[in-house]
Amino acid sequence: MGATGIIFRREFNAYVRAPIGYIVGAVVLFLDGLLFFGYILGADAQMLSGYVLSEFFYFASGMTTIAAVVLSLRLIAEERQTGTQLLLDTSPVRDREIVLGKFLAALAFLSALNAATIYMPLLIMVNGKITIGQIVAGYVGLTLIGGAVLAIGIFGSALSRSQLVAAVVTSVITSMFYLFWQISEAVEYPLSSFFSALAIHQRHFPGFQQGIYHLRDIVYYLSLTWFFLYLATRTMEAKRWE
Amino acid sequence: MVELSDVTKYYGPKRALGPVSFEIEKGDAVGILGLNGVGKTTLLRILACGLRPSSGSVSIDGHDVLDNPHEVRKRVGYLPEVPPVYGDMTVRDYLAFVGRLKGMTAGAVAERMPVVEECTRIAEVRDMPARHLSQGYRQRVGVAQAIIHEPDLLIMDEPTHDLDPVQIVEMRAMIRALKDSHTILISSHILPEISQTCDRLLILDDGRIVASGSETELEARLFVSRRIRVTVRPGEKGVAAAHARIAGTSGVKKVEKIGADDGIAEEPGSATFRVEGESDVRAEVCRALVEGGHDVITLTRAERQLERVFVGLVAGGSN
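Criteria and thresholds
Residues numbered from 1 in each chain as written. Chains lettered and ligands numbered in written order. Predicted model: local features only at pLDDT ≥ 70, side-chain atom pairs only at ≥ 80, totals over all residues. Heavy atoms only, no water. Helix = DSSP H or I, 4+ residues; strand = E, 2+ residues; numbered from the N terminus. Rg over C-alpha atoms; globule rule 2.2 N^0.38 Å. Buried < 20%, exposed > 50% of the residue type's maximum accessible area, 1.4 Å probe, protein only. Contact = heavy atoms within 4.5 Å. Areas by Shrake-Rupley, 256 points an atom, 1.4 Å probe, with all protein chains shown as cover. Lys, Arg positive; Asp, Glu negative; His and termini not counted. Charge placed at Lys NZ, Arg CZ, Asp CG, Glu CD. Axes fitted to C-alpha atoms, helices over the stretch in contact; angles between N-to-C directions. Parallel < 35°, antiparallel > 145°, perpendicular 65-115°, else oblique. Left-handed = near helix turned anticlockwise from the far one by under 90°. Nonpolar A, V, L, I, M, F, W, Y, C, P; charged D, E, K, R; others polar. Arc of directions from axis to C-beta. Buried area = accessible area lost by both parts, 1.4 Å probe. Salt bridge = Lys/Arg side-chain N within 4 Å of Asp/Glu carboxyl O. Domains from an automatic or database assignment. Pairing = 2+ DSSP bridges. 1 Å grid on protein atoms, 1.4 Å probe; cavity = no way out; pocket = protein on both sides within 12 Å on 5 of 7 lines; lining within 4 Å. Points joined across faces, edges and corners; volume = space filled by probe spheres on them. Core = buried A, V, L, I, M, F, W, Y, C linked by side-chain atoms within 4.5 Å. Patch = residues over 30% accessible without salt bridge, like charges linked within 9 Å, V, L, I, M, F, W, Y side chains within 5 Å.

Our next topic: the overall build of chain A. Each helix and strand counted, chain A has 11 helices and zero strands in total. For chain A, the N- to C-terminal ordering of α and β elements is α-α-α-α-α-α-α-α-α-α-α. Its C-alpha radius of gyration of 19 Å places chain A within 12% of the 18 Å reference for a compact globule of 242 residues. Along the first, second and third principal axes, the C-alpha set of chain A runs to 60 × 45 × 30 Å. Counting across all 242 residues of chain A, residues that qualify as buried make up 52%. Long-range pairs, those at least 24 residues apart, make up 75% of the contacts in chain A with a sequence separation of at least 6. Approximately 10700 Å² of chain A is accessible, and the part contributed by carbon and sulfur atoms is 69%. Side-chain charges in chain A split into 15 positive and 14 negative, and the spacing between the mean points of these groups amounts to 9 Å.

Residue and element names in this part refer to chain B. By the secondary structure assignment, Gly 277 is in strand β13 (residues 271-277). Separated by 269 residues in the primary sequence, Gly 277 and Thr 8 have C-alpha atoms spaced 39 Å apart. Excluding residues within four positions of it along the chain, Gly 277 makes contact with Arg 226, Gly 251, Val 252 and Lys 253.

Below, the discussion takes up the packing of helix α5 (residues 95-115) of chain A against helix α7 (residues 132-159) of chain A. All names here are of chain A. At their nearest, the axes of α5 and α7 sit 10 Å apart, and the two run at 140 degrees to each other. Between α5 and α7, the crossing angle belongs to the class labelled oblique. The way α5 lies across α7 gives a crossing that is right-handed. In contact with Val 99, Lys 102, Phe 103, Ala 106, Leu 107, Leu 110, Ser 111 and Asn 114 of α5, α7 contributes Tyr 139, Leu 142, Thr 143, Gly 146, Gly 147, Leu 150, Ala 151 and Ile 154. Taken together, the residues of the contact of α5 with α7 sort by class into 10 nonpolar, five polar and one charged.

All names here are of chain A. When we look at burial in helix α9 (residues 191-198), the residues that qualify are Ser 192, Phe 195 and Ser 196. Seen from one end, α9 has its buried residues packed into an arc of 100 degrees, which puts them on one side. Contact partners of the buried residues in α9: α8 (163-186).

Here we take up the interface of chain B and chain A. On the chain A side, the residues contacting the 28 residues of chain B number 21 residues. Carbon and sulfur atoms supply 65% of the area that chain B and chain A bury against each other, a total of about 2400 Å² over both sides. On the chain B side of the contact with chain A, Arg 73, Tyr 86 and Leu 101 of chain B bury the most area, a combined 27% of that side's loss. The tally of links from chain B across to chain A stands at two salt bridges.

This part takes up the domain arrangement of chain B. If you check the domain split of chain B, you get domain 1 (2-213) and domain 2 (224-314). Put simply, the middle of domain 1 of chain B and the middle of domain 2 of chain B, counted by C-alpha atoms, are 42 Å apart.

All names here are of chain B. Pairing in this open sheet of four strands is antiparallel, and the strands run β2-β1-β4-β5 from one edge to the other. With one partner strand each, in any of the chains shown, β2 (14-24) and β5 (63-64) form the two edges of the open sheet. As defined by bridge partners, strand β4 (residues 55-60) adjoins β5 across two bridges and the pair is classed as antiparallel. Across the sheet, Ser 59 pairs through a bridge with Asp 64, a residue of β5. With respect to the sheet, helix α1 (residues 40-47) is in contact with β1 (2-11), β2 and β4, its orientation differing from that of β1 by roughly 120 degrees.

Applying the stated criterion to the full structure yields 22 salt bridges over all chains. Across the pair Asp 88 of chain B and Arg 10 of chain A runs a salt bridge whose closest N-O atoms are separated by 3.4 Å. Placement of Asp 88 of chain B in the loop between β6 (76-79) and α3 (91-101) and of Arg 10 of chain A in helix α1 (residues 3-17) is noted, with the two residues assigned to different chains. In this structure, Asp 88 of chain B and Arg 10 of chain A share a single accessibility class: buried.

Turning next to the layout of surface pockets. Reported here for the largest pocket is a volume of approximately 530 Å³. Lining the largest pocket are 21 residues, and of these Arg 80, Gly 83, Leu 86 and Arg 161 of chain A together with Arg 45 of chain B lie nearest its centre. The set of elements that each furnish at least two residues to the lining of the largest pocket consists of α3 (49-82), α4 (85-89) and α11 (215-240) of chain A together with α1 of chain B. Broken down by element, the lining of the largest pocket gets its largest block of residues, four residues, from α3 of chain A. Of the residues belonging to the lining of the largest pocket, the class tally is five nonpolar, six polar and 10 charged.

Turning next to the nonpolar core. One finds Phe 56, Phe 177, Ile 200 and Tyr 221 of chain A together with Tyr 94 and Phe 97 of chain B to be the most contacted residues of the largest nonpolar core, which totals 110 residues. When residues of this core are assigned to their parent elements, the largest contribution, 14 residues, is made by α3 of chain A. Excluding its chain neighbours within four sequence positions, the residues that come into contact with Tyr 221 of chain A are Leu 144, Ile 145, Ala 148, Ile 200, His 201, His 204, Phe 205 and Phe 208 of chain A. Residues Val 2, Phe 22, Ile 46 and Val 76 of chain B belong to the second largest nonpolar core, which totals 31 residues.

A cluster of nonpolar side chains, namely Ile 23, Val 27, Phe 30, Leu 31 and Leu 34 of chain A, defines an oily patch on the protein surface of about 460 Å² accessible area. Counting through the fold element by element, Ile 23 of chain A comes out in helix α2 (residues 19-40).

This part covers empty space enclosed by the protein. All names here are of chain B. Within the structure shown, the criterion is met by two cavities of 30 Å³ or more. Put simply, the largest cavity is a space of about 40 Å³. As for the largest cavity, its lining consists of Gly 136, Arg 140, Leu 163, Gln 167, Glu 170, Met 171 and Met 174. Only α5 (135-147) and α6 (165-178) provide two or more residues apiece to the lining of the largest cavity. A per-element tally of the lining of the largest cavity places α6 first, with four residues. By residue class, the composition of the lining of the largest cavity is three nonpolar, two polar and two charged.

Pasting the structure below:
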């Protein structure tokens with residue numbers, strides 16, 4: 001197991017051992033369940049099952065985004081706050097291994113949370129006409145958007161030893177990517193195309209909601225993730241010797 | 001083993017360290033002594049590859065810290081002032097994590113673990129989450145994480161920080177035991193911590209090394225044994241005669257009688273003098289007193305000498 005795997009294991013176990021993992025998990029699952037039963041099951045019985053599934057993934061993506069922001073805050077800022085970053089800094093481990101190990105641990109935990117909602121789409125499948133493929137596509141979308149927001153969060157967390165600062169930076173950047181869609185509607189072409197292409201949700205997530213894979217959406221999320229993990233790594237490198 | 005050449009560290013325009021140059025041979029135990037804020041931690045963090053020097057070169061076991069930091073990190077164990085312990089992990093899991101992080105295989109960690117637990121005496125807390133450890137145990141776990149990968153160089157920043165007197169004694173004993181298997185570099189602002197555990201001292205002031213050597217060498221070099229305290233039984237010739245005898249001894253600059261006000265518990269019929277000479281005048285004073293018919297009860301150097309070196313140096317003088 002390389003350094004990435006060693007750090008992944010520590011970080012994933014930290015989520016399981018610490019209250020933050022349980023709190024985020026409980027809140028996300030409670031709100032997902034509440035929205036599902038309150039909004040979808042309580043709504044017009046004539047809704048198509050495909051539409052119901054799409055709605056489920058729509059609000060699940062919102063919950064995933066919020067959970068990703070919260071889960072990412074501690075990843076690096078807490079290490080600096082408690083002094084354990086010094087252990088990583090003086091160990092023969094590359095910064096990209098640290099960032100990747102932490103990212104994958106957070107993504108695995110977030111994915112486990114999302115997986116715990118599987119009973120909701122299965123209920124839709126039992127009572128409607130949707131396929132496993134549509135459900136899988138939705139969860140792939142949740143993983144991709146969650147990964148992108150986690151990457152933004154790791155970058156925010158790498159900037160400061162304060163988790164509050166990390167929260168503000170991450171929230172601002174994530175909100176900005178959500179608001180690009182509204183901005184694209186308010187400006188003229190070609191700026192509108194530029195901003196809509198960057199919109200993290202309304203442009204790139206609906207395909208997954210409907211069980212459709214678009215290469216451009218997958219490339220977008222992976223690029224966004226890579227870009228912010230790269231920024232986080234460079235930030236770590238710059239701060240490692242300070 | 002360790003070579004520093006003209007190393008400096010600036011934070012913006014402020015010089016925190018240097019220029020500093022020194023070498024440490026393999027197997028040496030070296031103490032860095034200095035008041036708070038003189039650059040001790042900066043120096044240690046540069047050696048541990050946690051801080052980039054502004055200029056100069058640092059190499060450990062032939063590896064330059066900037067050109068080959070990972071090779072240096074494999075060879076160095078570092079205990080910062082606050083041990084870098086994850087509170088959510090048990091001591092055993094934490095040490096296994098650190099061992100793997102330092103490049104050890106799982107098998108090597110399992111083999112090394114009992115040795116480290118024995119050496120640092122943490123076996124009884126091995127399954128306890130680190131957040132529940134007392135300060136003494138936290139510090140021991142800090143030492144354990146620094147030696148888990150059997151580093152050539154062990155760097156400890158204020159290892160007795162925040163420990164009670166019993167824990168301090170235990171920590172010093174642990175450091176003395178580690179001297180057999182590691183090259184050791186310790187920093188402290190507390191003199192006994194350094195003088196009782198290290199063979200060689202580097203005294204740091206304002207980011208620069210103002211003196212280096214063994215305790216004896218430093219004392220000799222800085223003429224600190226020129227102050228002595230002598231207690232005599234003057235006999236029938238009286239205290240004044242003993243005083244005059246000492247004052248008349250070649251090399252003696254100043255004599256003063258001291259007593260209860262100076263914290264001296266005098267025996268009845270005895271008198272104690274503080275003597276300052278141009279050099280070490282213990283032999284001459286003793287001979288003069290005996291020849292003058294006075295009984296010499298005790299004759300010691302007036303103060304703990306290394307303390308005087310330290311205070312003298314950092315106060316800008318040499319005693």
